[in-house]
Amino acid sequence: MMRGLELVFFAILLVLATLQVAISHGEQPLSRIAVHNTRLRLSENADIKASPSILGLKGQNSEWVTLEYASPNPSNDDWIGVFSPADFSASTCNPDEGSKQSPPFLCTAPIKYQYANYSSPGYRKEGKGSLRLQLINQRSDFSFVLFSGGLANPKVVAVSNKVAFTNPNAPVYPRLAQGKIWNEMTVTWTSGYGINEAEPFVEWGRKDGDRMRSPAGTLTFNRNSMCGGWLFYLVILHDSLEFAESDITMKTHCLSWYSKKCTSTRIGISEMLHGAPARTVGWRDPGFIHTSFLKELWPNSVGGEGGTGEIGKEREVSEREVSKREGERYTYKLGHKLFNGTYVWSLVYQFRASPYPGQSSVQRVVIFGDMGKDEADGSNEYNNYQRGSLNTTKQLIQDLKNIDIVFHIGDICYANGYLSQWDQFTAQVEPIASTVPYMIASGNHERDWPGTGSFYGNSDSGGECGVLAETMFYVPAENRAKFWYSTDYGMFRFCIADTEHDWREGTEQYKFIEHCLASADRQKQPWLIFLAHRVLGYSSGTWYAEEGSFEEPMGRESLQKLWQKYKVDIAMYGHVHNYERTCPIYQNICTSKEKFYYKGTLNGTIHVVAGGGGASLADFTPINTTWSYFKDHDYGFVKLTAFDHSNLLFEYKKSRDGKVYDSFKISRDYRDILACTVDSCPSMTLAS
């Protein structure tokens with residue numbers, strides 16, 4: 001009986017590993033730290049000092065700190081953790097932590113870490129080292145801890161002095177997003193001020209015009225908002241199976257059903273005593289998230305007459321367009337009026353209002369998925385978790401004057417339940433998101449958790465179950481818990497699906513998708529784009545090939561008839577961490593052999609995987625997929641440029657250098673959109 005139960009659990013693990021491990025693409029670096037194993041081993045001869053102790057004296061929201069440290073027993077396993085708030089001990093633990101055992105010494109993960117010998121190769125011999133780390137304003141002070149014992153058995157050797165920003169509560173990291181109507185822009189930001197302390201607002205106006213103030217709503221959440229509970233998993237190392245009841249090290253390392261990198265000296269079926277990181281070691285107070293709605297904006301009507309449609313003219317037209325738009329910019333700053341009458345202000349930012357739906361002007365859109373976050377100081381970089389993220393961010397910032405709106409289609413920052421990482425991500429993208437609308441889609445690493453209504457029962461979100469993505473960023477959805485929505489940008493209509501909820505025919509989301517596609521006025525908005533995180537169309541990714549579907553299971557079966565009926569131009573996805581472009585295709589058949597210049601009716605939809613935003617790359621199958629026109633195993637992003645109602649340029653750029661490595665162009669008239677193709681027009685009868 002017992003043996004049979006063990007084999008059942010073993011079989012479950014193997015099945016889930018086959019389906020999910022490739023999708024995980026790495027392990028949240030902070031999850032490698034066995035927080036609950038931490039012991040206090042302070043040494044009189046060990047020391048760590050941080051300077052400067054006061055940050056942001058010139059209004060900066062990020063600053064570099066220098067650490068000097070020493071240990072009498074140095075080892076290559078020694079590491080430094082950054083903790084915020086600075087005071088950490090058992091007193092900060094969730095009361096539930098002690099339900100089955102006494103609280104551990106430490107139950108909060110650091111916000112980042114680095115090995116003591118990272119920039120001091122002589123540390124092991126000399127016992128001394130130094131390190132520079134970058135901090136961002138995250139609503140609290142910081143301390144730095146020197147650990148011995150490696151990540152599996154951390155021992156506190158020394159604790160630094162405290163470091164803090166001049167105003168930890170300051171409003172920071174604004175994120176723009178399209179509102180629910182075309183002439184509305186939303187601004188979302190984070191602060192340490194609740195509604196009982198201050199009134200949040202945005203002061204804004206035309207660059208050289210009068211200023212006005214728009215109030216902001218305030219949201220937050222607590223630990224109980226996170227998902228979690230008791231999960232079971234298997235640990236595989238030896239040939240024999242036996243139950244393990246108290247393997248604490250493994251319980252902190254195996255945070256999902258499909259983790260391959262568990263370390264133990266035995267095999268067993270164990271409870272994960274400490275639950276999801278979002279409720280336990282990964283929890284950090286999120287502060288307050290404010291959103292203001294800037295209404296009745298004037299559209300970008302002073303631009304040029306549109307481009308010539310020639311690919312080589314893109315830069316010339318774009319720069320001319322930008323120079324003419326400069327006078328139409330809006331400026332804004334975030335404000336909090338404290339109840340003592342004083343004001344707290346952010347830096348000053350600027351943006352351009354969105355074009356009127358159907359407006360003919362050059363419009364440039366960037367799309368990618370799975371970017372994640374990275375650290376400029378090299379911390380947290382275990383196993384190159386998201387090494388392409390900073391390059392993608394850098395390229396977008398450098399080309400920002402030629403970008404009008406950004407879509408990040410799922411797997412936003414891979415916090416996976418370590419909430420501090422969301423602050424760090426919003427700080428990383430602030431130069432972009434504070435200037436152009438930064439629209440997001442929901443991915444598995446934002447939403448999925450067993451028993452919470454997600455379409456997939458895995459634990460990829462680390463217990464966040466959508467709460468962070470739904471709160472930290474605004475999207476114009478009717479219900480942000482159902483993360484599907486539409487948005488118009490000039491000549492574009494975007495239909496954004498939520499692949500973490502059921503999309504199949506007969507569902508609520510299917511009805512939304514059809515309505516979004518059907519309601520597009522193609523005479524005014526000829527460019528119809530479908531976006532989703534998981535690949536609902538076509539991919540030559542290894543695990544999709546192994547399943548034999550070359551898609552998310554049940555992905556396109558219901559949707560392809562909608563794409564064809566409503567003549568979707570391009571369907572774009574993330575999830576698979578590479579780049580791939582198909583032919584115009586319908587029901588597995590290419591409707592055109594052309595690869596670079598499409599004239600007239602497409603007769604099918606071009607499917608694109610743009611999941612190489614930054615997270616570790618995914619392999620392609622060696623199988624020859626005839627519908628695949630271009631593949632690239634590298635980091636990159638897509639840029640769409642609509643010159644006018646008849647000419648669209650598609651470009652794939654690599655994050656390493658910003659150069660174009662794949663492109664095609666569509667040229668057509670409105671009559672070509674109206675033309676009937678297979679399954680795109682109603683059947684006709686003799687009476688007709």
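Treat the numbers as computed from the prediction; the structure is a model and nothing was measured.

(A) Fine view of the pairing of strand β23 (residues 485-489). Burial along β23 is one-sided: Tyr 485, Thr 487 and Tyr 489 are buried, and none of Ser 486 and Asp 488, which face the opposite way, are. The pairing of β23 with strand β24 (residues 492-496) spans 5 bridges and is classified as antiparallel. Bridge pairing links Thr 487 to Phe 494 in β24.

(B) Just the packing of aromatic side chains, in detail. This structure, assessed with the given rule, holds 32 aromatic pairs. Judged by centre distance (6.1 Å) and plane angle (85°), the rings of Phe 201 and Tyr 343 are edge-to-face. Taken together, the residues Phe 201 in strand β13 (residues 198-206) and Tyr 343 in strand β19 (residues 343-352) connect sequence positions 142 residues apart. Between Tyr 330 and Phe 351 the ring centres are 5.4 Å apart and the planes differ by 10°, which places this aromatic pair in the stacked class. One end of the pair, Tyr 330, is in strand β18 (residues 329-338); the other, Phe 351, is in strand β19, with 21 residues separating them in the sequence. Judged by its relative accessible area of 0%, Phe 351 is buried.

(C) Inspection of the layout of surface pockets at higher detail. If you add up the space inside the second largest pocket, you get close to 460 Å³. Along the wall of the second largest pocket there are 22 residues; nearest its centre are Pro 476, Glu 478, Tyr 485, Ser 486 and Phe 512. Going through the elements one at a time, β23 and α10 (508-518) are the ones with two or more residues in the lining of the second largest pocket. In terms of residue class, the lining of the second largest pocket is made up of 9 nonpolar, 7 polar and 6 charged.

(D) Broad picture of the pattern of salt bridges. For the structure on display, the rule yields 28 salt bridges. In this structure, Lys 295 engages Glu 184 in a salt bridge whose closest nitrogen and oxygen atoms are separated by 2.6 Å. In this pair, Lys 295 sits in the loop between β17 (288-294) and α4 (314-325) while Glu 184 sits in the loop between β11 (172-178) and β12 (185-191), placing the two residues 111 residues apart along the sequence. Look at Lys 295 and you get partly exposed, because its relative accessible area is 48%. In this structure, the salt-bridge partner of Lys 654 is Asp 634, at a minimum N-O distance of 3.2 Å. In this pair, Lys 654 is assigned in strand β33 (residues 647-654) and Asp 634 in the loop between β31 (628-632) and β32 (636-642), connecting sequence segments 20 residues apart. Residue classification places Lys 654 among the buried residues on the basis of a relative accessible area of 10%. The class of Asp 634 is buried, set by a relative accessible area of 9%.

(E) View of the state of the cysteines. Per the stated rule, a full pass over the model turns up 4 disulfides. Covalent S-S linkage joins Cys 227 and Cys 465, the inter-sulfur distance amounting to 2.1 Å. Handedness here is read from the sign of the S-S torsion; for Cys 227 and Cys 465, about 95°, the answer is right-handed. With Cys 227 in the loop between β14 (212-219) and β15 (232-235) and Cys 465 in the loop between α8 (444-447) and α9 (467-472), this residue pair connects regions lying 238 residues apart in the sequence. Like Cys 465, Cys 227 is buried. Covalently, Cys 676 is tied to Cys 681 through a disulfide, its sulfur atoms 2.1 Å apart. Judged by the sign of its S-S torsion, about -100°, the bond between Cys 676 and Cys 681 is left-handed.

Conventions we followed
Residues numbered from 1 in each chain as written. Predicted model: local features only at pLDDT ≥ 70, side-chain atom pairs only at ≥ 80, totals over all residues. Heavy atoms only, no water. Buried < 20%, exposed > 50% of the residue type's maximum accessible area, 1.4 Å probe, protein only. Helix = DSSP H or I, 4+ residues; strand = E, 2+ residues; numbered from the N terminus. Pairing = 2+ DSSP bridges. Phe/Tyr/Trp six-rings, centres within 6.5 Å; stacked < 30°, edge-to-face > 60°. 1 Å grid on protein atoms, 1.4 Å probe; cavity = no way out; pocket = protein on both sides within 12 Å on 5 of 7 lines; lining within 4 Å. Points joined across faces, edges and corners; volume = space filled by probe spheres on them. Nonpolar A, V, L, I, M, F, W, Y, C, P; charged D, E, K, R; others polar. Salt bridge = Lys/Arg side-chain N within 4 Å of Asp/Glu carboxyl O. Disulfide = S-S within 2.5 Å.

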